[in-house]
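Tertiary structure, described
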There are 2 protein chains.
Amino acid sequence: MNTNQADDALLALAQSFREALRQSVYVMRRLDSEEQLSSAQLGVLKMALDGGARVGGIARNLGVKVPSATEQIIKLERAGLVKREADPDDSRAVRVAATAAGRAAVENADRRRNEFIAGILGTLSPAERDAVQAALPVFDKINHSVQS
Amino acid sequence: MNTNQADDALLALAQSFREALRQSVYVMRRLDSEEQLSSAQLGVLKMALDGGARVGGIARNLGVKVPSATEQIIKLERAGLVKREADPDDSRAVRVAATAAGRAAVENADRRRNEFIAGILGTLSPAERDAVQAALPVFDKINHSVQS
DNA sequence: TCCTAACAGTTAGGTTGCCTAAATATCAAG
DNA sequence: CTTGATATTTAGGCAACCTAACTGTTAGGA
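These lines cover the structure that appears in this document, whether it is placed above or below. The model shown is predicted, which means the values in this text are computed figures rather than measured ones.

All names here are of chain B. One open sheet holds the three strands; their spatial order is β1-β3-β2, and the pairing between them is antiparallel. The open sheet terminates on both sides in strands that have one partner only, identified here as β1 (53–54) and β2 (82–86). Of the pairings in the sheet, the one linking β1 to strand β3 (residues 94–98) comprises two bridges and is antiparallel in character. By the bridge assignment for β3, alanine 53 is matched with valine 96.

Have a look at this one:
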């Protein structure tokens, strides 16, 4: 039946997709192991760049619970990369802001990580790069449907 | 200059790619949280399906160190999903084989996870699904270059 | 033959990143 | 001025990974 064929194709695609997900986790781990700043910390730090991120917002944005965000923020604070200060408008809240060192660390980490990935992407054919480029927005969309 | 333009494009693609990687980790986590069998365990268990995987081979295949593989194998053994037996040809080695319960568990977990992903993929347009399909082999290739 | 280096796996101990539940402090509404 | 909601931190735990050290086995010389 047509419906079943469609389902089967979708399930087969899902299977391949899952395999790619597994691989992505591996690549991510590898990327992290090469650097000083973990990607969890980098994520938090990036959010603190604009100067006034709140803990809850950071957590929501990264898809983790608030205590997990707090944990990373404390580590970054100890490393001198962010500072925490009371929100002037709401004393319950905390504003997390990157320090100058934090800003520099983000730039550095981002550059190094991008160069690492770019090095790999550079070995692909133009057609392959195009395939990646075309798929990225779809991956984005998939992620958002998972979050919701 | 042309070279710099190419580099910039590559770095920009790398940046987007990294973002997708980050998202993949999130999706993977979500997928794991819905299930009884973690993806680490599922990976090991799948490798034990044929009946005679060795610990070192499992570890290499999953991109983890031997003790990490041992740890997962022990958990699976305690759950009755695999059994460990001495390799008849080399008493240093251990053969890890899925039990009947293990085989059933793989099928179940795989089906449920594929259905979850297929549910998401089903909301995409045909063009978007094609984009994903086209990119998956490239992702595979990228993974292999990271491993090496 | 026997010794030793290489190899396969396990054990011990540590790290990171995530989680839930409970405590603390503040806000805002009645 | 009390009470419920909100923002964060603290405490305690868990999963998956790692390195270093240990046990047992194999295999290649001297």
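So, next bit.
Moving on, we get to the protein's contact with DNA strand C. Within the structure, DNA strand C sits among 25 residues, and Ser38(A), Ser68(A), Gly56(B), Thr70(B) and Arg84(B) are positioned closest to it. Taking all atoms of DNA strand C within 4 Å of the protein, the share assigned to sugar and phosphate is 76%. Interatomic distance of 3.1 Å between a side-chain N/O atom of Glu71(A) and a base nitrogen of DNA strand C. The contact in question runs from a phosphate oxygen of DNA strand C to an N or O atom on the side chain of Ser91(A), over 2.8 Å. Secondary structure elements with two or more residues in the surface near DNA strand C: α2 (39–47) and α4 (66–78) of chain A together with α3 (55–62) and α4 (66–78) of chain B.

Right, let's get into the relation of the copies chain B and chain A. Structural alignment of chain B on chain A gives an RMSD of 0.1 Å, achieved by rotating through 180 degrees and translating 0.0 Å along the axis. Each copy turns onto its partner about a two-fold axis. Mapped onto chain A, 100% of the interface residues of chain B are again interface residues, and the two copies thus contact each other with one and the same surface.

What follows is about the packing of aromatic side chains. Residues and elements named next belong to chain B. Under the counting rule described, the total for this entry stands at three aromatic pairs over all chains. Considering the side-chain rings of phenylalanine 17 and phenylalanine 139, the 5.3 Å spacing of their centres and the 40 degrees angle between planes classify their relative orientation as tilted. One end of the pair, phenylalanine 17, is in helix α1 (residues 2–33); the other, phenylalanine 139, is in helix α6 (residues 126–147), and 122 residues separate them in sequence. The burial state of phenylalanine 17 is the same as that of phenylalanine 139; both residues are buried.

Moving on, we come to the protein's contact with DNA strand D. Taken together, 24 residues sit near DNA strand D, with Gly56(A), Thr70(A), Arg84(A), Ser38(B) and Ser68(B) positioned nearest. A share of 73% is what sugar and phosphate atoms reach among the atoms of DNA strand D within 4 Å of the protein. Within the side chain of Arg54(A), an N or O atom sits 3.4 Å from a phosphate oxygen of DNA strand D. Between DNA strand D and Arg92(A), the relevant distance is 3.0 Å, taken from a base oxygen to a side-chain nitrogen or oxygen of the residue. Looking at the surface near DNA strand D, the elements that each hand over two or more residues are α3 (55–62) and α4 of chain A together with α2 (39–47) and α4 of chain B. Tallied by class, the residues present in the surface near DNA strand D amount to eight nonpolar, seven polar and nine charged.

Turning our attention to the layout of surface pockets. A volume near 430 Å³ is recorded for the largest pocket. For the lining of the largest pocket, the elements supplying multiple residues, two or more each, are α1 (2–33), α2 and α4 of chain A together with α1 of chain B.

An order of β1-β3-β2 (chain A) is seen for the three strands of this open sheet, with the pairing classed as antiparallel. At either margin of the open sheet sits one strand with a lone partner, and together these are β1 (53–54) and β2 (82–86) of chain A.

To continue, consider helix α5 (residues 100–121) of chain B. Residues and elements named next belong to chain B. For α5, spanning 22 residues, the distance from its first C-alpha to its last is 31 Å, which sits close to the expected 32 Å at 1.5 Å a residue. Inspection of α5 places Gly102, Val106, Ala109, Asp110, Arg113, Asn114, Ile117, Ala118, Ile120 and Leu121 among the buried residues, and these make up the whole buried set. On an axial view of α5, the arc spanned by its buried residues comes to 160 degrees, and they lie on one face. Among the exposed residues of α5, those oriented more than 90 degrees off its buried face are Ala100 and Glu107.

We now examine the packing of α3(B) against α4(B). Helix-helix packing: each pair is described by the crossing angle between the helix axes and the interaxial distance. Residue and element names in this part refer to chain B. Orientation of α3 relative to α4, taken along the N-to-C sense of each, is 110 degrees, at an axis distance of 8 Å. In this view, α3 runs roughly perpendicular relative to α4, as classed from their interaxial angle. Across the interface between the two elements, Val55, Gly56, Ile58 and Ala59 from α3 touch Val66, Ala69, Thr70 and Ile73 from α4. Here the residues of the contact of α3 with α4 sort into six nonpolar, two polar and no charged.

A word on the interface of chain B and chain A. On the side of chain A, 54 residues touch chain B, which itself brings 54 residues to the contact. Taken together, the two surfaces of chain B and chain A that pack against each other cover about 5400 Å², and 70% of this comes from carbon and sulfur. It is Leu13(B), Arg18(B) and Val146(B) that lose the most area in chain B upon contact with chain A, and together they represent 12% of the buried surface on that side. At the surface where chain B touches chain A, the tally comes to four salt bridges. Here Glu128(A) ties to Lys141(B) by a salt bridge, and the two come within 3.1 Å at their closest N and O atoms. For the interface between chain B and chain A, the tally reads 13 residue pairs in polar contact (both at pLDDT 80 or more). Of all the secondary-structure elements, those providing two or more residues to the side of chain B that touches chain A are α1, α2, α3, α5 and α6 of chain B. If one sorts the elements of the side of chain B that touches chain A by residue count, α1(B) sits on top with 20 residues. For the side of chain B that touches chain A, a count of residues per class yields 29 nonpolar, 13 polar and twelve charged.

Each value, and the rule that gives it
Residues numbered from 1 in each chain as written. Chains lettered and ligands numbered in written order. Predicted model: local features only at pLDDT ≥ 70, side-chain atom pairs only at ≥ 80, totals over all residues. Heavy atoms only, no water. Pairing = 2+ DSSP bridges. Helix = DSSP H or I, 4+ residues; strand = E, 2+ residues; numbered from the N terminus. Near = heavy atom within 4 Å. Polar contact = N/O pair within 3.5 Å; in protein donor to acceptor, adjacent residues only side chain to side chain. Least-squares fit on C-alpha atoms with pLDDT ≥ 70 in both. Contact = heavy atoms within 4.5 Å. Phe/Tyr/Trp six-rings, centres within 6.5 Å; stacked < 30°, edge-to-face > 60°. Buried < 20%, exposed > 50% of the residue type's maximum accessible area, 1.4 Å probe, protein only. Nonpolar A, V, L, I, M, F, W, Y, C, P; charged D, E, K, R; others polar. 1 Å grid on protein atoms, 1.4 Å probe; cavity = no way out; pocket = protein on both sides within 12 Å on 5 of 7 lines; lining within 4 Å. Points joined across faces, edges and corners; volume = space filled by probe spheres on them. Expected span 1.5 Å × (residues − 1). Arc of directions from axis to C-beta. Axes fitted to C-alpha atoms, helices over the stretch in contact; angles between N-to-C directions. Parallel < 35°, antiparallel > 145°, perpendicular 65-115°, else oblique. Buried area = accessible area lost by both parts, 1.4 Å probe. Salt bridge = Lys/Arg side-chain N within 4 Å of Asp/Glu carboxyl O.

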